[in-house]
Amino acid sequence: MKNPPAIIGPLSPQALTWTISVANLTVVDRVPAEMLHLVDTHWYQFPPLETKWHAALATTIGLLALISIVGNGCVILIFSSTKGLRTPSNLMVINLAFADFMMMFTMAPPLIINSYHETWVFGPLMCEIYGMFGSLSGCVSIWSMTMIAFDRYNVIVKGLAAKPLTYVGSVMRILFVWVNSLVWTLAPLFGWNRYVPEGNMSACGTDYLSKDWISVSYIYAYSVFVYWLPLLLIIYCYSYILKAVSAHERNMREQAKKMNVASLRSTDASKTNAEIKLAKVALVTITLWFMAWTPYLVINYAGIFVSSPISPLQTIWGSVFAKANAVYNPIVYGISHPKYRAALHERFPSLAFRRKVDSTDQSSIASCATAADQCET
């Protein structure tokens, strides 16, 4: 908001009235009357966001949505239509891509429209639905990654003693992910916390400013079961995965040294090497997820503890970081999964990223798409 021109001399009644009205403008002023009961009094202290910030948000979300919808759409199409990629483990990859696709497909259009109007224009009901879908897609995403981590742990750490993942087992895990996510994201619709406009008034999320025990307890419980618990489970899985990989590589080097050869790598080691590469892909993907959602968690905790003031501008960047998660996964899988990349190049040559692979390069064995797959010969 531009500052009013300086006024020299005594103010006329009209100028005084205009000056007071401008000085009292807040970010809430554009909010429709039927939405005001959802707006916390905390936001009345902030002036309206400048138009450039709304434009920047709409442009950024628009670009992220385009990349996410195309990227995740390709992942869903390729993994579901390519015979060699239709495996039990990859069902969870498809589920992850669908959650990311759903996030941007449902979040981006309303946010862009609201940014144009510089406030929420769809009414209270749509605000609740918007917040629920955003929370649901994020929850499904993190728990899908947790299931993928369990799958990697089962194969790499347990090895031949691991029970192979079946289609029924994969479907049951996906069902658990959705039921668990729906429980947490539907709860605010039934009185345990609520979905309200965020500080920029163009998006909606959980109410982290209300101090009543109902609202605060939900934020605590949600953060534990949707952020901290999956984080600890993933750390547990990948700690043992890295430990197993490290021990395997050390044994290989020691054995090669005893035999006075450069390497013991052979076709027999192909499956193990493929799993190591895929574990790295999953680890990078999960790291990016936590980089995306941690700022939003910090904003929620700041609202609970009132340790620092939360500005509308901060909520913009928290929202952008969270939604950017939907962009990372298809990029990581597309670049790092040779079999997926080959199928993508066959379907959409202009979208594929191809890398020249030496015939002796062990990366070629990544055609073993998942832990339960048999390597192609």
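Our subject is the structure listed above.
Residues numbered from 1 in each chain as written. Predicted model: local features only at pLDDT ≥ 70, side-chain atom pairs only at ≥ 80, totals over all residues. Heavy atoms only, no water.

Peer 1: Which residues make up the overall build of the chain, and what values go with them?
Peer 2: When its secondary structure is counted, the chain shows 9 helices and 2 strands. Secondary structure of the chain in N-to-C order comes out as α-α-α-α-α-β-β-α-α-α-α. Residues counted as buried form 50% of the 377 residues belonging to the chain. Across the chain, every contact between residues at least 6 apart in sequence was considered, and the portion connecting residues at least 24 apart equals 76%. (Helix = DSSP H or I, 4+ residues; strand = E, 2+ residues; numbered from the N terminus. Buried < 20%, exposed > 50% of the residue type's maximum accessible area, 1.4 Å probe, protein only. Contact = heavy atoms within 4.5 Å.)

Peer 1: So what about unusual backbone geometry? Which residues, and what values?
Peer 2: Outside of glycine, negative phi angles account for most residues, and trans bonds account for most peptide bonds. Despite not being glycine, Asn193 has its phi angle at roughly 70°, a positive value. Secondary-structure assignment places Asn193 in the loop between helix 5 (167–186) and strand 1 (195–197). The exposure class assigned to Asn193 is buried, which follows from its relative accessible area of 5%. A positive phi angle is found at Met201, which is not glycine, with a value near 65°. Looking at the element boundaries, Met201 is found in the loop between strand 1 and strand 2 (204–206). For Met201, a relative accessible area of 1% translates into the label buried.

Peer 1: With reference to specific residues and values, describe the packing of helix 3 (residues 88–117) against helix 5.
Peer 2: It is at 8 Å that the axes of helix 3 and helix 5 come closest, and there the two elements cross at 25°. As the angle between them shows, helix 3 and helix 5 are arranged roughly parallel. Classified by chirality, the crossing of helix 5 by helix 3 is right-handed. Residues Pro88, Leu91, Met92, Asn95, Phe98 and Met102 of helix 3 lie in contact with helix 5, whose contacting residues are Tyr167, Ser170, Val171, Arg173, Ile174, Val177 and Trp178. Classifying every residue of the contact of helix 3 with helix 5 gives 10 nonpolar, 2 polar and 1 charged. (Axes fitted to C-alpha atoms, helices over the stretch in contact; angles between N-to-C directions. Parallel < 35°, antiparallel > 145°, perpendicular 65-115°, else oblique. Left-handed = near helix turned anticlockwise from the far one by under 90°. Nonpolar A, V, L, I, M, F, W, Y, C, P; charged D, E, K, R; others polar.)

Peer 1: So what's going on with the side chain of Ser202? Which residues, and what values?
Peer 2: With respect to the secondary-structure elements, Ser202 resides in the loop between strand 1 and strand 2. Owing to a relative accessible area of 0%, Ser202 belongs among the buried residues under this scheme. Those residues within four positions of Ser202 in sequence are excluded, and the remaining contacts are Leu57, Leu111, Asn114, Ser115, Thr119 and Trp120.

Peer 1: Give a description of a nonpolar patch on the surface that names residues and reports values.
Peer 2: On the surface, a nonpolar cluster with roughly 480 Å² of combined accessible area is contributed by Val168, Met172, Leu175, Val179 and Val183. Position of Val168 relative to the elements: it lies in helix 5. Here Val168 falls in the exposed class, since its relative accessible area comes to 60%. (Patch = residues over 30% accessible without salt bridge, like charges linked within 9 Å, V, L, I, M, F, W, Y side chains within 5 Å. Areas by Shrake-Rupley, 256 points an atom, 1.4 Å probe, with all protein chains shown as cover. Salt bridge = Lys/Arg side-chain N within 4 Å of Asp/Glu carboxyl O.)

Peer 1: Talk me through helix 6 (residues 213–259); I want residue IDs and the actual numbers.
Peer 2: Here helix 6 spans 67 Å end to end across 47 residues, near enough to the 69 Å set by a 1.5 Å rise per residue. At Val224, helix 6 shows its largest bend, some 40°. In the stretch just after helix 6, Asn260 is the one whose phi turns positive, near 60°. (Expected span 1.5 Å × (residues − 1). Bend = angle between axes of the 7 residues up to and from the residue.)

Peer 1: Summarise empty space enclosed by the protein; cite the residues concerned and give the values.
Peer 2: On inspection of all chains with the given rule, the structure shows 4 cavities of 30 Å³ or more. Empty space within the largest cavity amounts to approximately 420 Å³. Forming the boundary of the largest cavity are 26 residues, of which Gly134, Ser135, Tyr222, Trp293 and Tyr296 lie nearest the centre. Every element with two or more residues in the lining of the largest cavity is listed here: helix 3, helix 4 (123–156), strand 2, helix 6, helix 7 (270–305) and helix 8 (312–336). Ranked by residues supplied to the lining of the largest cavity, first place goes to helix 4 with 6 residues. Residue composition of the lining of the largest cavity, by class: 15 nonpolar, 9 polar and 2 charged. (1 Å grid on protein atoms, 1.4 Å probe; cavity = no way out; pocket = protein on both sides within 12 Å on 5 of 7 lines; lining within 4 Å. Points joined across faces, edges and corners; volume = space filled by probe spheres on them.)

Peer 1: Please provide a residue-by-residue account of the packing of aromatic side chains, values included.
Peer 2: Tallied over the full model, the rule gives 19 aromatic pairs. Plain terms: the ring middles of Trp184 and Phe225 are 5.3 Å apart, the flat faces sit at 20° to each other, and that makes the pair stacked. Of the two residues, Trp184 sits in helix 5 while Phe225 sits in helix 6, which places them 41 residues apart along the sequence. The buried category is assigned to Trp184, whose relative accessible area is 11%. Members of the aromatic cluster, each reached through a chain of ring pairs, are Trp184, Trp192, Tyr218, Tyr222 and Phe225. (Phe/Tyr/Trp six-rings, centres within 6.5 Å; stacked < 30°, edge-to-face > 60°.)

Peer 1: Which residues make up the pattern of salt bridges, and what values go with them?
Peer 2: Counted according to the given criterion, the structure contains 3 salt bridges. For the salt bridge of Arg30 with Glu118, the shortest nitrogen-to-oxygen distance reads 3.6 Å. On the criterion of sequence distance, the pair formed by Arg30 in the loop between helix 1 (13–23) and helix 2 (51–81) and Glu118 in the loop between helix 3 and helix 4 is long-range, its members being 88 residues apart. The class for Glu118 is buried, based on a relative accessible area of 15%. A salt bridge links Asp207 to Arg194; the nearest nitrogen and oxygen atoms lie 3.0 Å apart. Taken together, the residues span a long stretch of sequence, with Asp207 in the loop between strand 2 and helix 6 and Arg194 in the loop between helix 5 and strand 1 at a distance of 13 residues.

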